[in-house]
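Here is what each chain is made of, one letter per residue.
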Amino acid sequence: MGQGKRFLRPPGARPEKEFLARCLQCGQCAQVCIFDCIKMRRGFNFFVAGTPEINPKQAPCHLCMRCSAICPSDALLDIPIEKVHMGYAKLDRSKCYTWTGELMCRSCYERCPIKWRAMYLEGGMNPVITDQCAGCGLCEHVCPKGAIEVIPTRFQQTRTDSSEGA
Ligand code: SF4
Ligand code: SF4
Ligand code: SF4
């Protein structure tokens, strides 16, 4: 599992400072995740070691919401899917098969678990990500061109539009 800085917290996570103050490092969120996408962070940083992280390149979240429902300390809040903002997906149109006209690809759109609100196809073809994106990372995981990257929002209270191409 990646130990880089670009990791996501599970859905429902409080803002980072509050999250760290509440997380018991019990691992119940990871145990309940049937998609095995939550890993407990390793390393020597006392404050973050043992807390849950998601790396969407390796295993994205499927928004089943089991982890946030089970968290015993409410470090993860049991919120509805429409309130989840683990991150926001940024699509680089200059890399995307469809936007560049190389191939017709809709992998990201097909796999988005909330595509009715987080994505649409411009002109019935080109994927666009809206500001309703939950940041689950499924689109990043399936994109064959590496055109999508989810930017974590754990240090942010507000979000910016994510659908612009680079
Ligand atoms: S919402 Fe489901 S898939 Fe996503 S991290 Fe939690 S348990 Fe895993
Ligand atoms: S656009 Fe990507 S990151 Fe956002 S909800 Fe859909 S699949 Fe998840
Ligand atoms: S999966 Fe990647 S290449 Fe395919 S349409 Fe989406 S962004 Fe473009």
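Residues numbered from 1 in each chain as written. Chains lettered and ligands numbered in written order. Predicted model: local features only at pLDDT ≥ 70, side-chain atom pairs only at ≥ 80, totals over all residues. Heavy atoms only, no water.

We now examine the pattern of salt bridges. Throughout the structure, instances matching the rule amount to 10 salt bridges. Between R6 and E140 there is a salt bridge, with its nearest N and O atoms 2.9 Å apart. Residue R6 is found in the segment before helix 1 (16–22), and its partner E140 is found in helix 7 (residues 138–142); the two are separated by 134 residues along the sequence. Of the charged contacts in the structure, one is a salt bridge between R41 and E53, with a shortest N-O distance of 2.4 Å. Of this pair, R41 sits in the loop between strand 1 (38–40) and strand 2 (52–54) while E53 is found in strand 2, placing the two residues 12 residues apart along the sequence. (Salt bridge = Lys/Arg side-chain N within 4 Å of Asp/Glu carboxyl O. Helix = DSSP H or I, 4+ residues; strand = E, 2+ residues; numbered from the N terminus.)

Our focus in this paragraph is the packing of aromatic side chains. Tallying each qualifying case throughout the model produces zero aromatic pairs. The ring of F7 carries R154 above its face, with NZ or CZ at 3.8 Å from the centroid. (Phe/Tyr/Trp six-rings, centres within 6.5 Å; stacked < 30°, edge-to-face > 60°. Lys NZ or Arg CZ within 6 Å of the ring centre and 35° of its normal.)

In this section: the pairing of strand 5 (residues 126–129). Neither face of strand 5 is open: one carries N126 and V128, the other P127 and I129, and all of them are buried. With four bridges joining them, strand 4 (residues 119–122) and strand 5 adopt antiparallel strand pairing. Within strand 5, the position partnered with L121 by the bridge is P127. Hairpin connection from strand 4 to strand 5: three residues lie between these consecutive antiparallel strands, with G123 at a positive phi of about 65°. (Buried < 20%, exposed > 50% of the residue type's maximum accessible area, 1.4 Å probe, protein only. Pairing = 2+ DSSP bridges.)

Residues in close proximity to ligand 1 include P11, C33, F35, C37, I38, I54, C61, H62, L63, C64, M65 and C67, which together make up its full environment. Of the residues in the shell around ligand 1, the class split is 11 nonpolar, one polar and no charged. (Near = heavy atom within 4 Å. Nonpolar A, V, L, I, M, F, W, Y, C, P; charged D, E, K, R; others polar.)

Okay, the domain arrangement of the protein next. Structurally, the protein comprises domain 1 (16–81) and domain 2 (84–152). One C-alpha centre belongs to domain 1, the other to domain 2; they are set 24 Å apart. With 13 residues of domain 1 at the interface, the matching set in domain 2 holds 12 residues. Summing both sides of the interface, domain 1 and domain 2 together bury roughly 1,000 Å²; the carbon and sulfur share of this comes to 67%. The largest share of the area that domain 1 buries against domain 2 comes from K57, L63 and I81, three residues that together contribute 44% of it. Linking domain 1 with domain 2 are one salt bridge, by the criterion used here. (Domains from an automatic or database assignment. Contact = heavy atoms within 4.5 Å. Buried area = accessible area lost by both parts, 1.4 Å probe.)

The next point concerns the confidence of the model for the protein. The share of residues in the protein with pLDDT of 70 or more is 91%, and the mean pLDDT across the chain is 91. Across residues 158–166, confidence stays below pLDDT 50; counting only partners more than four residues off in sequence or on other chains, it has 24 contacts. (pLDDT = per-residue confidence, 0-100.)

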